[in-house]
Every structure is written in C-alpha cells, then in structure tokens.
Amino acid sequence: MADAERADELKQLFWEELKDSPFVMIGLQGVEDSRTRPWTAQVNWQDEKQLQQGGDIYFFGAKSEAIVKGLSQNNKVVCTFVSKGHKVFAHIHGTLELVNDRSLIDRFWNPIIASWYKGGKDDPDLQLLRFDTSKAEIWKAEAGATLVAAALKMLGRDPGEDHQRENQAEVAL
C-alpha cells in the first residue's frame, strides 16, 4: 500500500473511531507542565467532504478552566486519542482558538453539555473552542499482531518495521 493511501485510510479510520468515542485528552504546551485533561470533541459529522479534507473539532469549555485561561500564555495544543476498542491511537498537534459563534453553539448543544452550564447557552462561563489541527500521528492496532510478529521474527524479518510501515502514518487532519 502506498504511503498516501495508508495515510488516507488511517485518517478515515481516525474519524470513524472519534465519532464512536469522541473523548480526547488535551493540554496546552508549556502551560501547567502540559497537563492534559479529558474533553469531548464536537464535530459536524454530516459534512463528509470537510472530514476528508480535515474536519473542524470543537469543544465546550468554561472560561474559568485552566486550559481556557492558559490560552493567554500559549494556544499550542497537544491532544491524545485512544479509540473505544483500542483499535486506533492518535497524537495530534494544533492550536485552540476561542470561538464566539452562536450558530455553532446551537448546532453542538445537547443535554450533556447543558448539564455543565446552569445558565444554558447564555451562561457567562461558557466558551466554545475550535481545535485547528496541524499534524497528527495515527496508529492502528491489529488483532493477532503478536502472532504475526512472532512469525516474522522466525523468518528473520523485523516485525516492528513491517508493523510501523503498514499501521502508522503522520497525516494532516
């Protein structure tokens, strides 16, 4: 499989897995020792064309939270993702931007988000953020990889090289 095809396949797999389990860990580089926290990704899943090109990821946050406050020091983000079944792992870099767009708040608003903001969509602590991704490294885990690795080792091949070549890529999200 060509590098571009593998990258496209892994990118598509990432979006599918993120849709199934939209939870990531985010931290600001150099702020609070780059400490990460769990956040829930909000994505416009209906826009397939945009997802193929690199979809926008949004998060609801509180202005009182350390990450939102820390944006005044640095907006460079490190983000990690592990899919529900541990099929996909990703390490993503980019920036967080404050967004004040009521139509986006309306689009992504749901009962879970509402439970965090007592003032609803007009809560003074509510802040929508857009994650502008710059690059990502995505890994796909294969069932039975240990047996395949043992067989390759017996044949004198480096299983790590084969696995990395077929199941890992650096992509633009």
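Residues numbered from 1 in each chain as written. Predicted model: local features only at pLDDT ≥ 70, side-chain atom pairs only at ≥ 80, totals over all residues. Heavy atoms only, no water.

Asks: Give a description of the layout of surface pockets that names residues and reports values.
Replies: Once rolled over the atoms, a probe with the size of a water molecule shows which space is left empty. In this model, the largest pocket occupies a volume close to 360 Å³. Lining the largest pocket are 13 residues, and of these Trp39, Thr40, Phe60, Ile113 and Trp116 sit closest to its centre. When residues of the lining of the largest pocket are traced back to their parent elements, those giving at least two are β2 (37–40) and α5 (111–116). With four residues, β2 is the single largest residue contributor to the lining of the largest pocket. (1 Å grid on protein atoms, 1.4 Å probe; cavity = no way out; pocket = protein on both sides within 12 Å on 5 of 7 lines; lining within 4 Å. Points joined across faces, edges and corners; volume = space filled by probe spheres on them. Helix = DSSP H or I, 4+ residues; strand = E, 2+ residues; numbered from the N terminus.)

Asks: Can you tell me about the pattern of salt bridges, naming the residues and giving the values?
Replies: Scanning all chains against the criterion turns up eight salt bridges. The salt bridge partner of Arg102 is Asp106, with a shortest N-O separation of 3.3 Å. Here Arg102 and its partner Asp106 are both found in helix α4 (residues 102–108), four residues apart, which amounts to about one turn of the helix. Among the residues examined, Arg102 registers a relative accessible area of 41% and is labelled partly exposed. Overall, the relative accessible area of 37% leaves Asp106 in the partly exposed class. (Salt bridge = Lys/Arg side-chain N within 4 Å of Asp/Glu carboxyl O. Buried < 20%, exposed > 50% of the residue type's maximum accessible area, 1.4 Å probe, protein only.)

Asks: I'd love a proper account of the nonpolar core, names of residues and values included.
Replies: Counting residues in each nonpolar core, the largest one holds 33 residues, and the members touching the most others are Phe14, Leu18, Ile26, Phe59 and Leu96. With six residues, the top contributor of residues to this core is helix α1 (residues 3–20). What Phe59 contacts, discounting residues up to four positions off in sequence, is Val24, Ile26, Trp39, Thr40, Ala41, Leu96, Gln127, Leu128, Leu129 and Phe131. One finds Ala62, Trp109, Tyr117 and Leu128 within the second-largest nonpolar core, a separate group that totals twelve residues. (Core = buried A, V, L, I, M, F, W, Y, C linked by side-chain atoms within 4.5 Å. Contact = heavy atoms within 4.5 Å.)

Asks: Give me the lowdown on the packing of aromatic side chains, citing residues and values where you can.
Replies: Describing an aromatic ring pair means giving the distance of the ring centres and the angle of the ring planes. The final tally for this structure, using the stated rule, is seven aromatic pairs. Their ring planes at 80° and their centres at 5.4 Å tell us that Phe14 and Phe81 sit as a pair that is edge-to-face. Of the two residues, Phe14 is situated in helix α1 and Phe81 in strand β4 (residues 76–82); the sequence distance between them amounts to 67 residues. Looking at Phe81, the relative accessible area reads 1%, which means it is buried. An aromatic cluster is built from Phe14, Trp15 and Phe81, whose rings are joined through pairwise contacts. A cation over an aromatic ring shows up here: Arg107 above the ring of Phe108, its NZ or CZ 5.9 Å from the ring centre. (Phe/Tyr/Trp six-rings, centres within 6.5 Å; stacked < 30°, edge-to-face > 60°. Lys NZ or Arg CZ within 6 Å of the ring centre and 35° of its normal.)

Asks: Any chance you could break down the side chain of Ser83 for me, citing the residues and the numbers?
Replies: Within the secondary structure layout, Ser83 lies in the loop between β4 and β5 (88–99). We classify Ser83 as buried; its relative accessible area is 2%. Contact partners of Ser83, with chain neighbours within four places excluded, come to Glu17 and Val88.

Asks: Summarise the environment of Ile92; cite the residues concerned and give the values.
Replies: In this structure, Ile92 sits in strand β5. Distance from Ile92 to Ala172, taken between C-alpha atoms, is 9.3 Å for residues 80 residues apart in sequence. Look past the residues within four positions of Ile92 in its chain and what remains in contact with it is Phe14, Val77, Val78, Cys79, Phe131, Thr133, Lys135, Ala136 and Leu173.

Asks: Quick one: what's the story with unusual backbone geometry, residue by residue and with numbers?
Replies: Among all residues save glycine, negative phi is the norm, and among peptide bonds the norm is trans. Notably, Glu32 is not glycine yet its phi reads approximately 55°, a positive angle. Summarising the element assignment, Glu32 is placed in the loop between β1 (23–28) and β2. The phi dihedral of Asp33 falls on the positive side, at around 55°, and the residue is not glycine. Within the fold, Asp33 resides in the loop between β1 and β2. Classification of Asp33 as exposed rests on a relative accessible area of 75%.

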